[in-house]
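# Structural characterization, general
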Amino acid sequence: MELVVARIGRAHGIKGEVTVEVRTDEPEVRLAPGAVLATDPPGTGPLTIETGRVHSGRLLLRFSGVADRSAAEALRNTLLIAEVDPQETPEDPEEYYDHQLIDLDVVTRDGTEVGRITEISHLPYQDLLVVARPGGGEVLIPFVHEIVPEIDLAEQRAVIDPPPGLLEEQPGVDGADGADGAEDGRR
């Protein structure tokens, strides 16, 4: 199974290093020197990590064969993809891989059906579960323990305890009211 583990950002310096937006909870394993990663778009890879270091809170990587700023800049926005055994699980029992959560049924504590997880959105401030509603549309559920207290992989369900208003229809979420999406409620 393939997992996106990072997205390449801008070039850093003149020797081929790039910044990366980490999308894995195990960067020390997935983004270690020697790791060979597939890419999206596929034509830019595979890429082998030569070195990695943290600078000013950002992970910097250098890939074999990428020796200067121009070559590094050409990799910008490339997704880095690791091959993972589908049976593999994170060490922490409170962590999950995206593929483990996709297609789980979502219910409230009292058993009310909410929908099914279709996607995990990894945002800088938190992860969101994208849940398709049975009657159409979707709802975004913050993936935090206070709102999602239980994930039961054996039963293929996620139990949520939504705060008031979270599950109510919101105008403009799906663009049906003609809004251009410029005002999405984030500040």
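Rules behind the numbers
- Residues numbered from 1 in each chain as written.
- Predicted model: local features only at pLDDT ≥ 70, side-chain atom pairs only at ≥ 80, totals over all residues.
- Heavy atoms only, no water.
- Pairing = 2+ DSSP bridges.
- Helix = DSSP H or I, 4+ residues; strand = E, 2+ residues; numbered from the N terminus.
- Axes fitted to C-alpha atoms, helices over the stretch in contact; angles between N-to-C directions.
- Buried < 20%, exposed > 50% of the residue type's maximum accessible area, 1.4 Å probe, protein only.
- Core = buried A, V, L, I, M, F, W, Y, C linked by side-chain atoms within 4.5 Å.
- Contact = heavy atoms within 4.5 Å.
- Polar contact = N/O pair within 3.5 Å; in protein donor to acceptor, adjacent residues only side chain to side chain.
- Patch = residues over 30% accessible without salt bridge, like charges linked within 9 Å, V, L, I, M, F, W, Y side chains within 5 Å.
- Areas by Shrake-Rupley, 256 points an atom, 1.4 Å probe, with all protein chains shown as cover.
- Salt bridge = Lys/Arg side-chain N within 4 Å of Asp/Glu carboxyl O.
- Lys, Arg positive; Asp, Glu negative; His and termini not counted.
- Charge placed at Lys NZ, Arg CZ, Asp CG, Glu CD.

This part takes up the sheet that holds strand E3 (residues 36-40). Ordered in space as E1-E2-E5-E4-E3-E6, the six strands form a closed barrel in which the pairing is antiparallel. Within this sheet the neighbouring strands show an average axis-to-axis angle of 50°, counted without direction. With five bridges connecting them, strand E1 (residues 2-12) and strand E2 (residues 17-22) associate as antiparallel partners. Paired with Ile-8 across the strands is Val-20, a residue of E2.

It is worth spelling out unusual backbone geometry at this point. Omega for the peptide link from Asp-40 to Pro-41 comes to 15°, which places this bond in the cis form. Position of Pro-41 relative to the elements: it lies in the loop between E3 and strand E4 (47-55). Cis geometry is found at the peptide bond from Gly-45 to Pro-46, where omega equals 0°. For Pro-46, the location among the structural elements is in the loop between E3 and E4. For Ser-56, which is not glycine, the phi dihedral falls at a positive 55°. Its place among the elements puts Ser-56 in the loop between E4 and strand E5 (58-63). With a phi close to 55°, Gln-156 is a non-glycine residue in the positive phi region. In this fold, Gln-156 is placed in the loop between strand E11 (150-152) and strand E12 (157-160). Classification of Gln-156 by relative accessible area gives partly exposed; the value is 37%.

In this section: the nonpolar core. Buried together is how nonpolar side chains tend to be arranged in soluble globular proteins. In this structure, Ile-8, Leu-31, Leu-61, Phe-63 and Leu-80 are the most contacted members of the largest nonpolar core, which totals 22 residues. Of all the secondary structure elements, the ones that give two or more residues to this core are E1, E2, E4, E5 and strand E6 (79-83). The biggest single contributor to this core is E1, with five residues. Each residue touching Leu-61, except ones within four places of it in the same chain, is listed here: Gly-16, Glu-17, Val-18, Val-20, Leu-31, Ile-49, Thr-51, Gly-52 and Leu-80. Leu-104, Val-114, Ile-147 and Ile-160 belong to the second largest nonpolar core, which has 17 residues in total.

Mapped onto the elements, Ala-132 comes out in strand E9 (residues 127-132). With 15 residues separating them in the primary sequence, Ala-132 and Ile-117 have C-alpha atoms 6.3 Å apart. Residue contacts for Ala-132: discarding those within four places in its chain leaves Val-114, Gly-115, Arg-116, Thr-118, Gly-137 and Glu-138.

Among the structural elements, Glu-17 can be located in strand E2. A polar side-chain atom of Glu-17 sits 2.8 Å from a polar atom in the side chain of Arg-53. Aside from chain neighbours lying at most four places away, what touches Glu-17 is Ala-11, His-12, Arg-53, Leu-60, Leu-61, Arg-62 and Ala-72.

This brings us to the pairing of E6. Of all five residues making up E6, four are buried, and the element is well covered by its neighbours. Inspection of the sheet shows E3 paired to E6 by three bridges, in the antiparallel sense. Note that in E6 the partner of Thr-39 across the bridge is Leu-80.

Take a negative patch on the surface next. Together, Asp-25, Glu-28, Glu-91, Asp-92 and Glu-94 make up a negatively charged patch on the protein surface. Looking at where Glu-91 falls in the secondary structure, it is placed in the loop between E6 and helix H3 (98-101). Relative accessible area serves as the criterion here: at 78%, Glu-91 is assigned to the exposed category.

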